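As a plain string of letters, each chain reads:
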Amino acid sequence: MTDARTIAVANQKGGVAKTTTVASLAAALAELGQRVLVVDLDPQACLTFSLGLDPETVELSVHDVLLGRVAASMAIQSTVDGPDLLPATIELAGCEAMLLTRTGREYTLRLALEEVRPSYDVILLDCAPSTTTTTSYASIRRRPWDY
Ligand SMILES: Nc1ncnc2c1ncn2[C@@H]1O[C@H](COP(=O)(O)OP(=O)(O)OP(=O)(O)O)[C@@H](O)[C@H]1O
Ligand SMILES: [Mg+2]
């Protein structure tokens, strides 16, 4: 059984090409035949938009997955560019406050993606320009050699 390599693209500074890097890398890896999942962890939802989805019309997003409302596989969509996408909406901005009191919240993203890991070779995480809780979730390694 394969196990996806997970790469988080994060930087506190805005506008330094995090999203561009994720979108380009994902498209290139998909073209090489890799099974790629990209996860939009930014409430601005630029990655979601750039992959052809209107965040306003997305019904299930990463916000619902982090809150445990739906499984990741329910919210993941395929895109015309090749990679699959776990989209974001502006709702993600309120997610951190809702998770703040939850024990073990730093493992929320890792655990939520566990179910879909065998379906992918690479998972790319596009973080928001901050060191917020969601970005720190993206930094939690599954195993020391994962990143
Ligand atoms: N190699 C490049 N050369 C010139 N401009 C670039 C390059 N890569 C990205 N840009 C431009 O830089 C801007 C910011 O890129 P991008 O949205 O990827 O940054 P970001 O770090 O994800 O921003 P944010 O922090 O707001 O999420 C965009 O307008 C993009 O087109
Ligand atoms: Mg971005």
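Residues numbered from 1 in each chain as written. Chains lettered and ligands numbered in written order. Predicted model: local features only at pLDDT ≥ 70, side-chain atom pairs only at ≥ 80, totals over all residues.

1. Considering the overall build of the chain
Turning to step 1, where the next piece is worked out: What the chain contains, in helices and strands, is seven helices and five strands.
Turning to step 2, where the next piece is worked out: Evaluated residue by residue, the chain yields a buried proportion of 39% over its 147 residues.
Turning to step 3, where the next piece is worked out: Taking the intrachain contacts of the chain between residues at least 6 apart in sequence as the baseline, contacts between residues at least 24 apart amount to 78%. (Helix = DSSP H or I, 4+ residues; strand = E, 2+ residues; numbered from the N terminus. Buried ≥ 20, exposed ≤ 12 C-beta atoms within 10 Å, placed from the backbone. Contact = placed C-beta atoms within 7 Å.)

2. Describing the site of ligand 1
Turning to step 1, where the next piece is worked out: Around ligand 1 sit Gly-14, Gly-15, Val-16, Ala-17, Lys-18, Thr-19, Thr-20, Asp-42, Cys-46 and Pro-129, and that is every residue in its neighbourhood.
Turning to step 2, where the next piece is worked out: Residue contributions to the shell around ligand 1 peak at three residues, all from helix H1 (residues 18–31). (Near = placed C-beta within 6 Å.)

3. A closer look at the environment of Gln-12
Turning to step 1, where the next piece is worked out: Note that Gln-12 resides in the loop between strand E1 (5–9) and H1.
Turning to step 2, where the next piece is worked out: When the C-alpha positions of Gln-12 and Pro-129 are compared, they lie 4.6 Å apart, and in sequence the two are 117 residues distant.
Turning to step 3, where the next piece is worked out: Ignoring anything within four residues of it in the chain, the contact list for Gln-12 reads Pro-129, Ser-130 and Thr-131.

4. Thoughts on the pairing of strand E2 (residues 36–41)
Turning to step 1, where the next piece is worked out: The element E2 is extensively covered by neighbouring structure, given that six of its six residues are classed as buried.
Turning to step 2, where the next piece is worked out: Residues of E2 alternate between two faces, with Val-36, Val-38 and Asp-40 on one and Leu-37, Val-39 and Leu-41 on the opposite face, all of them buried.
Turning to step 3, where the next piece is worked out: Bridge analysis of E2 against strand E5 (residues 122–127) gives six bridges, and the strand direction is parallel. Along E5, the bridge assignment pairs Leu-37 with Ile-123. (Pairing = 2+ DSSP bridges.)

5. Structural notes on the confidence of the model for the chain
Turning to step 1, where the next piece is worked out: Mean pLDDT over the chain stands at 88; residues scoring 70 or higher make up 88%.
Turning to step 2, where the next piece is worked out: Taken together, the stretch residues 143–147 has pLDDT below 50 and engages in five contacts with residues farther than four places along the chain or on a different chain. (pLDDT = per-residue confidence, 0-100.)

6. A word on the environment of Thr-108
Turning to step 1, where the next piece is worked out: Secondary-structure assignment places Thr-108 in helix H6 (residues 108–114).
Turning to step 2, where the next piece is worked out: In this structure Thr-108 comes out as buried when scored by C-beta crowding, with 20 C-beta atoms within 10 Å.
Turning to step 3, where the next piece is worked out: Along the backbone, Thr-108 and Gly-68 are 40 residues apart, and their C-alpha atoms lie at a distance of 8.7 Å.

7. Focus: the sheet that holds strand E3 (residues 77–78)
Turning to step 1, where the next piece is worked out: With mixed pairing, the five strands of this open sheet are ordered in space as E1-E5-E2-E4-E3. Strands with a single pairing partner mark the edges of an open sheet, and in this sheet they are E1 and E3.
Turning to step 2, where the next piece is worked out: The pairing of E2 with strand E4 (residues 84–86) spans three bridges and is parallel. Bridge assignment links Val-38 to a residue of E4, and that residue is Leu-85.
Turning to step 3, where the next piece is worked out: Its contacts with the sheet place H1 against E1, E2 and E5, and it is angled at close to 165° to E5. (Axes fitted to C-alpha atoms, helices over the stretch in contact; angles between N-to-C directions.)

8. Brief notes about the nonpolar core
Turning to step 1, where the next piece is worked out: The biggest cluster of nonpolar side chains holds 36 residues, and the ones touching the most others in it are Val-38, Val-62 and Leu-86.
Turning to step 2, where the next piece is worked out: At the level of elements, E1, H1, E2, helix H3 (62–66), helix H4 (72–75), E4, H6 and E5 are the ones that each hand at least two residues to this core.
Turning to step 3, where the next piece is worked out: Once residues lying within four places of it in the same chain are set aside, the contact partners of Val-62 are Val-39, Asp-40, Leu-41, Ala-75, Leu-86, Pro-87, Ala-88 and Leu-92. (Core = buried A, V, L, I, M, F, W, Y, C linked by C-beta atoms within 7 Å.)

9. Quick look at the pairing of E5
Turning to step 1, where the next piece is worked out: Burial analysis of E5 places five of its six residues in the buried class, which makes it a mostly covered element.
Turning to step 2, where the next piece is worked out: Pairing analysis gives five bridges linking E1 to E5, with the strands arranged parallel. Pairing of Ile-7 across the sheet is with Leu-124, part of E5.

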